[in-house]
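Results of the structural survey
Read off the chains here:
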Amino acid sequence: MRDDELLDRLERAAFGYFVEETNPANGLVADTSRTDSPASIAVVGFALSAYPVAAERGWLAREDAAARTLVTLRFLETSAQGSGPDATGYHGFYYHFLDWTSGKRVWRCEVSPIDTSLLIAGVLTASAYFTNPTSAEAEIRALARELYARIDWQWATNGKVTVAQGWKPECGFLHYGWEGYSEAAILYVLGLASPAHPLPAGSYAAWTATYQWERIYGCDLLYAGPLFIHQFSHAWIDFRKIRDPFMKEKGTDYFENSCRAVDVQREYARRDPNEYGTYGSDGWGLSAGDGPGNRTMRVRGRDRRFFEYTARGVPYGPDDGTIAPAAVLASLPFAPAFALSAVRHFLELFPEWESTGRLPSGFNRTAPGADSRGWISEGFYGLDQGIVLVMIEDYRSGLIWKLMRGSAPIRTGLMRAGFEGGWL
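Residues numbered from 1 in each chain as written. Predicted model: local features only at pLDDT ≥ 70, side-chain atom pairs only at ≥ 80, totals over all residues. Heavy atoms only, no water.

1. Description of helix α1 (residues 3–20)
The end-to-end C-alpha distance of α1 is 26 Å, a good match for the 26 Å that 18 residues give at a rise of 1.5 Å each. When we look at burial in α1, the residues that qualify are Leu 6, Leu 7, Leu 10, Glu 11, Ala 13, Ala 14, Phe 15, Gly 16, Tyr 17 and Phe 18. Buried residues along α1 sit in contact with α2 (41–57), α10 (325–329), α11 (336–349), α12 (352–356) and α13 (382–396). (Helix = DSSP H or I, 4+ residues; strand = E, 2+ residues; numbered from the N terminus. Expected span 1.5 Å × (residues − 1). Buried < 20%, exposed > 50% of the residue type's maximum accessible area, 1.4 Å probe, protein only. Contact = heavy atoms within 4.5 Å.)

Here is the structure:
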């Protein structure tokens, strides 16, 4: 297939996840396609971003896309907020995982500021897209304003300058915060722009003060090991040619930094320091994803330690030989030729993926699996399908970036964080 045909198939297949795994009664989306999976609020954020793409691509009628969006927003608006067993959220934030049917908190999980931020990014995408003067689209915009405004970002700081990583009814705030570069850029941008409970003015600078600027394989970049960190905020924010004070001092921007992160990933794969023998210029992509399981096995005369779902990264690990193919495809805006070459390599190794068009969360050619090709993750993860869909669309048309460049909270938050230049 030509590149455009391949990307269309992969993007359309990723959208299919949100058709298959969404509860039509409340709009909640399963974290994975595995049986009895709970819903993930971050995946719901990607679903809300996927509906405008589907409408533009002709996969859904605009009215259908608006109706699906409304079901989700109405549920979020009316679901219980509190610390009780029936709650879906607290202080305007949402618990990380919810029962797919009832929407109640499951797994004693935390109220998650970052996953709520990914959810709200999707909410604001819907608000920016559905601008027609119909009652349905007017209601989408009104609900989006309400859901965003009621989030108490100040509460989430726990009396400090920066945001805590979570809160649980059983023990209160988690005893660690956001330190080092991470996917939290979207969190701080949204928090700073809040019309009702904004983050302290110095919160973003306090977070960037924890950054690690490093030189790896001759490449200078803001360090973060897993690929997803270099992608998630970029799904909604066009960081090309805009700079905060940190990046202005370094003479670059976050988009270019993600390009360099791909270069580091590929160089690490070429060097293959752990001698897996399955990496290479087209065999790269260490990120958060499923794995063969927590176990140590002797493989080809050498003890190998494997992990289950974890955030793998380069060059400091962890690295158990597992590649996250969705993270490679989501690198398309930063390195289109390299990403496409690697994805075609994956499809040559696993031609059955081409028929479904959907990439699994991970594969490991060192760990034992169903056949000689090694271990492959079962089912699919919503975060993988969401980031694949949005980043392919950003590469092909820039749709999500265009919508969010016109979103007042995104513009306001970036400017309050000190960004300037480019489209700002």
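Next comes the rest of the account.
2. Regarding the layout of surface pockets
Regions of empty space are outlined by a rolling probe, equal in size to a water molecule, passed over the atoms. There is about 870 Å³ of room inside the largest pocket. Considering the residues around the largest pocket, the lining is formed by 36 residues, among which His 96, Glu 183, Phe 228, Ala 288 and Leu 383 are closest to the centre. A per-class count over the lining of the largest pocket returns 20 nonpolar, 10 polar and 6 charged. (1 Å grid on protein atoms, 1.4 Å probe; cavity = no way out; pocket = protein on both sides within 12 Å on 5 of 7 lines; lining within 4 Å. Points joined across faces, edges and corners; volume = space filled by probe spheres on them. Nonpolar A, V, L, I, M, F, W, Y, C, P; charged D, E, K, R; others polar.)

3. Considering the pattern of salt bridges
The tally for this structure, following the rule as stated, stands at 26 salt bridges. Taking the shortest distance from any N to any O, the salt bridge between Arg 270 and Glu 267 comes out at 2.7 Å. With a gap of 3 residues between them, Arg 270 and Glu 267 both fall in helix α9 (residues 254–271), about one helical turn apart. The class of Arg 270 is partly exposed, set by a relative accessible area of 44%. Through salt bridges with shared partners, a single ionic network connects Arg 2, Asp 4 and Glu 5. (Salt bridge = Lys/Arg side-chain N within 4 Å of Asp/Glu carboxyl O.)

4. Looking at the packing of aromatic side chains
Inspection of the entire model under this criterion finds 34 aromatic pairs. Ring geometry for Trp 155 against Phe 173: centres 4.9 Å apart, planes inclined by 45°, an arrangement best described as tilted. Of the two residues, Trp 155 sits in the loop between α5 (135–149) and β5 (167–168) while Phe 173 sits in strand β6 (residues 172–173), which places them 18 residues apart along the sequence. The same class applies to Trp 155 as to Phe 173, namely buried. Ring geometry for Tyr 204 and Trp 207: centres 5.8 Å apart, planes at 65°, overall edge-to-face. (Phe/Tyr/Trp six-rings, centres within 6.5 Å; stacked < 30°, edge-to-face > 60°.)

5. A look at empty space enclosed by the protein
The final tally for this structure, using the stated rule, is 2 cavities of 30 Å³ or more. Reported here for the largest cavity is a volume of approximately 50 Å³. If you trace the largest cavity, you find it lined by Ile 216, Leu 221, Tyr 223, Ala 224, Gly 225, His 230, Ala 261, Val 264, Gln 265 and Val 314. Sorting elements by how many residues they give to the lining of the largest cavity places α9 first, with 3 residues. Looking at the lining of the largest cavity residue by residue, the class counts come to 7 nonpolar, 3 polar and no charged. Of the volumes computed, that of the second largest cavity is approximately 30 Å³. In this structure, the second largest cavity is lined by Leu 10, Ala 14, Leu 329, Gly 357, Arg 358, Leu 359, Gln 385 and Val 388. Contributing elements (two or more residues each) for the lining of the second largest cavity: α1 and α13.

6. What to know about α5
With 15 residues, α5 extends 21 Å from end C-alpha to end C-alpha; this agrees with the ideal 21 Å at 1.5 Å per step. Among all positions of α5, only Glu 137, Ile 140, Arg 141, Leu 143, Ala 144, Leu 147 and Tyr 148 are buried. Down the axis of α5, the buried side of the element spans an arc of 165°, and every buried residue falls inside it. Exposed residues on α5 whose side chains face more than 90 degrees from its buried face are Ser 135 and Arg 145. On its buried face, α5 sits against α3 (62–78), β3 (93–94), α4 (113–129), α6 (185–192) and α15 (408–416). (Arc of directions from axis to C-beta.)

7. Quick word on the packing of α1 against α13
Direction vectors running N to C along α1 and α13 enclose 140°, while the axes themselves pass 9 Å from each other. Between α1 and α13, the interaxial angle falls into the category oblique. Crossing of α1 against α13: the hand is left-handed. For the pair α1 and α13, the contacting residues are Asp 4, Leu 7, Asp 8, Leu 10, Glu 11, Ala 14, Phe 15, Tyr 17 and Phe 18 in the first and Gly 382, Gln 385, Gly 386, Val 388, Leu 389, Ile 392, Glu 393, Tyr 395 and Arg 396 in the second. For the contact of α1 with α13, the residue count by class is 10 nonpolar, 3 polar and 5 charged. (Axes fitted to C-alpha atoms, helices over the stretch in contact; angles between N-to-C directions. Parallel < 35°, antiparallel > 145°, perpendicular 65-115°, else oblique. Left-handed = near helix turned anticlockwise from the far one by under 90°.)

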